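Chain by chain, the residues run as shown.
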Amino acid sequence: MAELRTIGVIGAGQMGGGIAHVFSLAGYEVRLHDVAEGAAKRALGVIEQNMGRQRAKDLITGDQMQDALALITAAPALEDLSDCDLVIEAATEKADIKKAIFRELSKVLKPEGMIATNTSSISITALAAATDRPDRFIGLHFMNPVPVMKLVEVIRGIATSQDTFDAAKGLVDRLGKVMAVSEDFPGFIVNRILMPMINEAIYTLYEGVGTVDAIDTGMKLGANHPMGPLALADFIGLDTCLSIMQVLYEGLADSKYRPCPLLVKYVEAGWLGKKTGRGFYDYSGEEPVPTR
């Protein structure tokens, strides 16, 4: 397989921006696309700020920062990704949205181009089937925040070729990340374990066993977690947590994965966590305040 040099990223949110960030620092040319007008340019500003923090901590040099920023460009149209060697999708965690993206991408991406998805739970085999190249399709699940977290879950679909897997392994190595290989089951490894824990924390709140503060303090000081599960849910996004729990519940047909009704209610209310200013905490002041 030819060397991968130019990387397309679809989705300029927190994950897509983070993926663009780490690839550019590793010397790849990156094209960042988003359907929302201006989203990619806003993401470039966030990437510059985040690299500035890394520079202030002496994690990167000023020259490294400037070289990396020069490698990232906004790609307003999907056609702008046509000659990329690899395109990574980091859009909303909804299978129908992702499949629609892959069908359109397949029409414009060069025949030898690879496609990857950053999905955190959805079947790689099912998503690959929406493309014209399932053998050149793979799951690359980066952890959030991407510039900080070392792990990348690599997931083969049933049709993923050995060449594609080897190319993905090489990418992860060059990014300085650590690879964990997962079989193609709902939630893969990390979210198969993490999301039921978060869901159980929400049930604990829902049933009145403890308050938000008590639950998060208990897990931080009692289980030595760096962040409480409810604060973590707010950071991830409650809509994303719900989507993953629904994938687990529907894909594994086990009642232990049933999303907590309180999680459903918060998402229906638009209280999605940190990104909307309210979830299990209220973020309108200087310090987050528990909402229950």
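Rules behind the numbers
- Residues numbered from 1 in each chain as written.
- Predicted model: local features only at pLDDT ≥ 70, side-chain atom pairs only at ≥ 80, totals over all residues.
- Heavy atoms only, no water.
- UniProt positions renumbered as here; feature names shortened; annotations may be inferred.
- Helix = DSSP H or I, 4+ residues; strand = E, 2+ residues; numbered from the N terminus.
- Rg over C-alpha atoms; globule rule 2.2 N^0.38 Å.
- Buried < 20%, exposed > 50% of the residue type's maximum accessible area, 1.4 Å probe, protein only.
- Contact = heavy atoms within 4.5 Å.
- Areas by Shrake-Rupley, 256 points an atom, 1.4 Å probe, with all protein chains shown as cover.
- Lys, Arg positive; Asp, Glu negative; His and termini not counted.
- Charge placed at Lys NZ, Arg CZ, Asp CG, Glu CD.
- Polar contact = N/O pair within 3.5 Å; in protein donor to acceptor, adjacent residues only side chain to side chain.
- Phe/Tyr/Trp six-rings, centres within 6.5 Å; stacked < 30°, edge-to-face > 60°.

The chain is annotated in an unreviewed UniProt entry as 3-hydroxybutyryl-CoA dehydrogenase of Parvularcula dongshanensis. Under Sequence similarities (unreviewed entry), UniProt gives the following word-for-word description of the chain: "Belongs to the 3-hydroxyacyl-CoA dehydrogenase family."

Q: What exactly am I supposed to notice about the overall build of the chain here?
A: Helix and strand content of the chain: 11 helices and 10 strands. Taken against the 2.2 N^0.38 rule, which gives 19 Å for 292 residues, the C-alpha radius of gyration of the chain at 19 Å falls within 12% of a compact globule. If you line up the chain on its principal axes, its C-alpha atoms span 55 × 45 × 35 Å. Counting only residues that meet the buried cut, the chain has 47% of its 292 residues in that class. Counted over contacts in the chain with a minimum sequence separation of 6, partners at least 24 positions apart contribute 65%. Carbon and sulfur atoms provide 53% of the accessible area of the chain, an area that totals close to 13800 Å². Within the chain, one finds 29 positive and 37 negative side-chain charges whose respective centroids are separated by 1 Å.

Q: Sorry, what's going on with the UniProt feature "domain: 3-hydroxyacyl-CoA dehydrogenase NAD binding" (unreviewed entry) in the chain here?
A: UniProt tags residues 6–183 as "domain: 3-hydroxyacyl-CoA dehydrogenase NAD binding" (unreviewed entry). For residues 6–183, helix accounts for 40% and strand for 21%, while the C-alpha atoms at its two ends are 27 Å apart.

Q: Explanation requested: the side chain of Ser121 in the structure shown.
A: Here Ser121 lies in the loop between strand S5 (114–117) and helix H5 (124–128). Within the local environment of Ser121, its side chain forms a polar contact with the side chain of Glu93, the two groups lying 2.8 Å apart. Setting aside residues up to four positions removed in sequence, Ser121 forms contacts with Glu93, Pro186, Gly187, Phe188, Ile244 and Val247.

Q: When you look at helix H9 (residues 229–236) in this model, what are you seeing that I'm missing?
A: Every α-helix carries 3.6 residues per turn, so stepping three or four residues along brings you back to the same face. Counting buried residues along H9, six of its eight residues qualify, which places the element largely inside the surrounding structure. For H9, every residue scored as buried is listed here: Pro229, Leu230, Ala231, Leu232, Ala233 and Asp234. Buried residues belonging to H9 abut helix H7 (190–206), helix H8 (212–222), helix H10 (238–252) and strand S9 (281–282). Positioned one or two residues after H9, Gly237 has a phi angle of 110°, which is positive.

Q: What is the right way to look at the UniProt feature "binding site: NAD(+)" (unreviewed entry) in the chain in this model?
A: The sites that carry the UniProt feature "binding site: NAD(+)" (unreviewed entry) are, in the present numbering, Gly11, Ala12, Gly13, Gln14, Met15, Gly16, Asp34, Glu93, Lys98, Ser120, Asn144 and Lys275. Structurally, Gly11 can be placed in the loop between strand S1 (6–10) and helix H1 (14–25). When you line up the elements, Gly13 lands in the loop between S1 and H1.

Q: Please clarify how the packing of aromatic side chains should be interpreted in this entry.
A: Any two aromatic rings considered together are summarised by their centre-to-centre distance and by the angle between their planes. Per the stated rule, a full pass over the model turns up seven aromatic pairs. Ring geometry for Phe23 versus Tyr28: centroids 5.3 Å apart, planes at 70°, classification edge-to-face. Take Phe23 and Tyr28: they sit in the same class, and that class is buried. Ring geometry for Tyr266 and Phe280: centres 4.9 Å apart, planes at 25°, overall stacked. With Tyr266 in helix H11 (residues 261–269) and Phe280 in the loop between H11 and S9, this residue pair connects regions lying 14 residues apart in the sequence. A relative accessible area of 0% means that Phe280 is categorised as buried. Taken together, Phe23, Tyr28 and Phe142 form an aromatic cluster joined through their ring pairs.

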